[in-house]
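Descriptive structure summary
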Amino acid sequence: MSDDHVYLTLAEGHEDDTRWAYGTGFEDPLHGVDTTVPEGVDAGALAADCVALADDALVSAQRLAEWVTRAPELEEEVALANIGLDLLGQARLLYSRAGQVDGTGRDEDAYAYFRDTDDFRNVRLAELPSGDFAFAVVRLLVLSSWRLAHFRRLQAHPDPVLAAVAAKGVKELTYHRQYAAEWCVRLGDGTDESHRRMRAALDEVAPYLGELHTAYDVRDEVADDLRQVTRAAGLTLPVYRPLPGSGRAGEHTEHLAPLLTELQGIARAHPEATW
Amino acid sequence: MSAEQSGKPGKQGWPLYEVFVRGKRGLNHVHVGSLHAADDAMALTHARDLYTRRNEGVSIWVVRSEHIAASTRDEKDPFFAPSADKVYRHPTFYDIPDDVPHI
């Protein structure tokens, strides 16, 4: 063992990669995965599914990134940013897959930066403004529970690329859900003020739960997750009145356009820029 | 001594934890740094986010800094200097077979 530097020791086994600060031992989640669309899979529907899942992730990642420099503690800031970057990674793979199969040959940037509000298919819960920390962890709990249940099913999807992206995502989302659940319990079971804020956050999220449908029926699984956490937190999930409309149909709140303006501004001002 | 230095929770914030990570093929946990957290579970979560982001680890230990007893500078000579001239304490007087690892 080399004891010269702790991180050299930690990175042992990757001797060819001494620049550990740039990462060690990374694996390409799509390594060796066949990218031809299998027979019987509708390419158009597959591309639409990929875009919808990617839009959820991209918009969520942008909201999580807004916490950088604003989180209550440095450690939480890193955690939220990490989770956002996990989701951004999922979005990139899914956009790339959509471009491969929908016949347009678009790259990930074309989807992320050069589509307008009406073209986005994310659920509206993802685009709601950041709010306070309680809202951030409640929304993260709901979205990661839902996405995790969905991705678990997608691991058996006939498209090998989508299945591989889902397999990678399941591990990430399991952690996201755990992080969010721990905070929900801590805040719900905390002070009067944190409990009050958690109740307000649940009230805000509840009307958007009805939008969280997938091709698979995961509603019971997600409801179980939420019930388990809210019970441990001394909270109850309010009875929701689903809002009409759906982000999956391109119907969005007024909050998505400003988010996209910020997200897309530089890429649109300098379309061919590289850095 | 401030509350932060002592590792006790105070108005300044959460107590300090020391983080130890076992690398992918490392044999033992190695100290990598410290962080603040409200409790043990949160410390593990934070350690995962702060110290294993680049694929470094397979196992994490966290311990409240206040629970670590450390030798002091004043004790340096009585503690460590006497071993400097005692070469017979090193296992260098016999041959180690080539196929014995980790020595």
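The structure under discussion appears in the preceding block.
Summary of the structure given here. Numbering of residues starts from 1 in every chain and runs along the sequence as written. Whichever chain is written first is A, and whichever ligand is written first is 1; the rest continue in order. Under the rules for a predicted model, residues below a pLDDT of 70 receive no local features and side-chain atom pairs below 80 are neither given nor counted, while totals for whole chains, interfaces and linings still include all residues. Only hydrogens and water are set aside when side-chain values are computed; all heavy atoms of the structure are taken into account.

Take the buried residues of types Ala, Val, Leu, Ile, Met, Phe, Trp, Tyr and Cys, join any two whose side-chain atoms come within 4.5 Å, and each joined set is a nonpolar core. Exposure is judged per residue with a 1.4 Å probe applied to protein chains only, and the accessible area is read against the type maximum: over 50% gives exposed, under 20% gives buried, and values in between give partly exposed. Ranked by size, the top nonpolar core spans 86 residues in total, and within it Y95, F133, Y179 and M198 of chain A together with L35 of chain B carry the most contacts. Only runs of H or I of at least four residues qualify as helices and only runs of E of at least two qualify as strands under DSSP, and these elements are numbered from the N terminus. Tallying contributions element by element places helix α6 (residues 133–154) of chain A first for this core, with 15 residues. Note on contacts: a residue pair qualifies if any of its non-hydrogen atoms lie within 4.5 Å across the two residues. In this structure, L35 of chain B is in contact with E75 of chain A together with P15, L16, Y17, V19, A43, H46, A47, L50 and Y51 of chain B, ignoring residues within four places of it in sequence.

Below, the discussion takes up a nonpolar patch on the surface. All names here are of chain B. Patch membership is restricted to residues that have no salt bridge and whose relative accessible area is over 30%. Joining uses 9 Å for like charges and 5 Å for the nonpolar side chains Val, Leu, Ile, Met, Phe, Trp and Tyr. Using the Shrake-Rupley algorithm and a 1.4 Å probe, accessible areas are obtained, with residue cover drawn only from the displayed protein chains. In the sections that follow, a salt bridge refers to a side-chain nitrogen of Lys or Arg positioned within 4 Å of a carboxyl oxygen of Asp or Glu. Side chains of V87, Y88, F93, Y94, I96 and V100 sit close together on the surface and give an oily, nonpolar patch of about 660 Å² of accessible area. Relative to the assigned elements, V87 resides in the segment after α3 (76–80). According to the relative accessible area criterion, V87 is exposed, its value standing at 52%.

If you trace the backbone, D49 of chain B turns up in helix α2 (residues 40–51). In contact with D49 of chain B, not counting residues within four places along its chain, are V78, A79, N82 and Y175 of chain A. What qualifies as a polar contact is a pair of N or O atoms within 3.5 Å, subject to a donor-acceptor requirement within protein and to the restriction that residues adjacent in sequence count only when both atoms come from side chains. A polar contact of 2.8 Å, which involves the side chain of D49 of chain B, links it to the side chain of Y175 of chain A.

A few words now on the pattern of salt bridges. Scanning the model with the defined rule gives 20 salt bridges over all chains in all. For D217 of chain A, the salt bridge goes to R219 of chain A, with nearest N and O atoms at 3.3 Å.

Another point: the side chain of S65 of chain B. Turning to its location among the elements, S65 of chain B is positioned in the loop between β3 (57–64) and α3. Filtering out sequence-adjacent residues up to four positions away, S65 of chain B remains in contact with L16, Y17 and E18 of chain B.

Right, let's get into the sheet that holds strand β2 (residues 30–36) of chain B. All names here are of chain B. The rule for pairing is simple: two strands pair if DSSP sees at least two bridges between them. Taken in spatial order, the three strands line up as β2-β1-β3 in an open sheet, and their pairing is antiparallel. Edge positions in the sheet fall to β2 and β3, since each has one partner strand and no second. For this sheet, the mean inter-axis angle between neighbouring strands, taken without regard to orientation, is 30°. Two elements, strand β1 (residues 16–23) and β2, share six bridges in a ladder whose sense is antiparallel. Considered in β2, the bridge of Y17 is made with L35. Every angle, taken between N-to-C directions, lies between 0 and 180 degrees, and every axis is a line fitted to C-alpha atoms, over only the stretch in contact when it is a helix. Of the strands in this sheet, β1, β2 and β3 touch α2, which is tilted by about 115° from β2.

Further remarks concern helix α10 (residues 256–269) of chain A. All names here are of chain A. By definition here, a helix of n residues has an expected span of 1.5 Å times n minus one. For α10, spanning 14 residues, the distance from its first C-alpha to its last is 19 Å, which sits close to the expected 20 Å at 1.5 Å a residue. Throughout, the bend at a residue refers to the angle made by two axes, fitted to the seven residues ending there and to the seven starting there. At L263, α10 shows its largest bend, some 40°. Residues L256, L259, L260, L263, Q264 and A267 constitute the buried set of α10. Of the surrounding elements, those touching the buried residues of α10 are α2 (43–65), α4 (108–113) and α5 (124–127).

Keep in mind that these numbers describe shape and distance, not what the molecule does.
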